[in-house]
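# Understanding the architecture of this molecule
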Amino acid sequence: MALSQNDAHLLIVDDDERIRKLIQQFLSRNGFWCTSARDAEHARRLLEGLDFDLIVLDVMMPGDDGITFTKELRKSRDTPILLLTAKGESSDRISGLEAGADDYLPKPFEPKELLLRINAILRRVPATEEVVETPKVLTLGDIRYDIERGEMWQGEDLIRLTATEVALMRIFSSQPGEPVSRSKLVEDLGRDKGQAQERAVDVQITRLRRKIEADPKQPRYLQTVRGAGYMLAPD
C-alpha cells in the first residue's frame, strides 16, 4: 500500500521565498504536511531531526546546488527526490537523475503537474508492512533481491535503492527473462510519455546497473535487448 497524501511529510527546498511559499501553500491545501528550507544548509539541519517522505529540491540555489545536495543525500538516505530544473536545461535533468533524483520538473510548471509528479513518486515507495510469507529471492551473482520486501543485499550489507530503483526492480522481477520496453517502463513508473522520459529511464537503468553488475558497461543481469528494451536475467 503506497503512502497517502495525509501520511506524507514533504520538504520543500528553494531559495526563492515566493516560490517556496506558493509550493508549500498549494501542497498543504492538497493534504500534505510540508516543511520548507531556504537552501541546502538549512535543509541539512532539518534532516538531522526530522524524517521526510519526499524532498522537492530546486537545482539552482546559492551554496550547494540541488544536484550536489542530491549526491550528498544519496550517500546516507533513500528519500525520494523531485528536482525543479530550469526550462530547457536538459543537462541539469540528466545530471540530477545520475545523482540519484527520482524525477524532475522543469520551471515554470503548473501546480497540478507538481502534484501529479509527487503522487506518482509516492506510489512507487514500497510499503513498510511486515511480510509473513516466505520471501521470494532472485540471485544476481553475489547480489540477492528480495521481491516481497523490495530489498537488495550483498552478503550482509543492504544496498540502498531509491524509490524509482525499487519500482524498476519490482517491474523487472515480476517478469524475469522477459524484455520490458522503455515506453512500458515509463508507463509503469507513472510518468508522462515521450522521448525525454524514456531517456530519463535509461539514466535510472545505468544507476541501477552500478549497484547490480560487477561490470556495469557489460551487464550480465540487467541486459539491453536490442529493439525490445531491458530484461532482468537472474541466475
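Residues numbered from 1 in each chain as written. Predicted model: local features only at pLDDT ≥ 70, side-chain atom pairs only at ≥ 80, totals over all residues. Heavy atoms only, no water.

### Regarding the overall build of the chain
Looking only at helices and strands, the chain has eight helices and eleven strands in total. Over its C-alpha trace the chain gives a radius of gyration of 18 Å, about what one expects of a compact globule, namely 18 Å for 235 residues. Across the 235 residues in the chain, those meeting the buried criterion constitute 47%. Within the chain, residue pairs in contact and separated by at least 24 positions form 57% of the contacts whose partners lie at least 6 positions apart. As displayed, the chain offers around 12000 Å² of accessible surface, 47% of which is attributable to carbon and sulfur atoms. Counting 35 positive and 41 negative side-chain charges, the chain places the centres of these two groups 4 Å from one another. (Helix = DSSP H or I, 4+ residues; strand = E, 2+ residues; numbered from the N terminus. Rg over C-alpha atoms; globule rule 2.2 N^0.38 Å. Buried < 20%, exposed > 50% of the residue type's maximum accessible area, 1.4 Å probe, protein only. Contact = heavy atoms within 4.5 Å. Areas by Shrake-Rupley, 256 points an atom, 1.4 Å probe, with all protein chains shown as cover. Lys, Arg positive; Asp, Glu negative; His and termini not counted. Charge placed at Lys NZ, Arg CZ, Asp CG, Glu CD.)

### Section: the side chain of Thr 70
Among the secondary structure elements, Thr 70 is positioned in helix α3 (residues 66–74). Using a relative accessible area of 0% as the deciding quantity, one classes Thr 70 as buried. Those residues in contact with Thr 70 that lie beyond four places of it in its chain are Leu 57, Ile 81, Leu 83, Gly 96, Ala 99, Gly 100 and Ala 101.

### Topic: the domain arrangement of the chain
Considered domain by domain, the chain is made up of domain 1 (9–123) and domain 2 (137–232). Computed from C-alpha atoms alone, the centre-to-centre distance between domain 1 and domain 2 is 24 Å. At the junction of the two partners, domain 1 supplies 18 residues and domain 2 supplies 16 residues. Of the roughly 1300 Å² buried between domain 1 and domain 2 on both sides combined, carbon and sulfur atoms contribute 45%. A per-residue breakdown of the area domain 1 buries against domain 2 is headed by Asp 78, Leu 97 and Asp 102, which together make up 34% of the total. At the surface where domain 1 touches domain 2, the tally comes to zero salt bridges. There are five residue pairs in polar contact (both at pLDDT 80 or more) connecting domain 1 and domain 2. Ranked by residues supplied to the side of domain 1 that touches domain 2, first place goes to helix α4 (residues 90–99) with four residues. The residue makeup of the side of domain 1 that touches domain 2, split by class, is seven nonpolar, two polar and nine charged. (Domains from an automatic or database assignment. Buried area = accessible area lost by both parts, 1.4 Å probe. Salt bridge = Lys/Arg side-chain N within 4 Å of Asp/Glu carboxyl O. Polar contact = N/O pair within 3.5 Å; in protein donor to acceptor, adjacent residues only side chain to side chain. Nonpolar A, V, L, I, M, F, W, Y, C, P; charged D, E, K, R; others polar.)

### Re the sheet that holds strand β7 (residues 143–146)
Strands in a sheet are paired, the pairing made by backbone hydrogen bonds, and the direction either parallel or antiparallel. With antiparallel pairing, four strands are arranged side by side in an open sheet as β6-β7-β8-β9. Whereas interior strands pair on both sides, the edge strands pair on one side only; in this sheet they are β6 (137–140) and β9 (157–159). Each strand axis lies, on average, 30° off the axis of its neighbour in the sheet, ignoring direction. Here four bridges tie β7 to strand β8 (residues 151–154), and the two strands are oriented antiparallel to one another. Directly across from Tyr 145, in β8, lies its bridge partner Met 152. Contacts from helix α6 (residues 163–173) reach β6, β7 and β8, with the element oriented near 85° to β7. (Pairing = 2+ DSSP bridges. Axes fitted to C-alpha atoms, helices over the stretch in contact; angles between N-to-C directions.)

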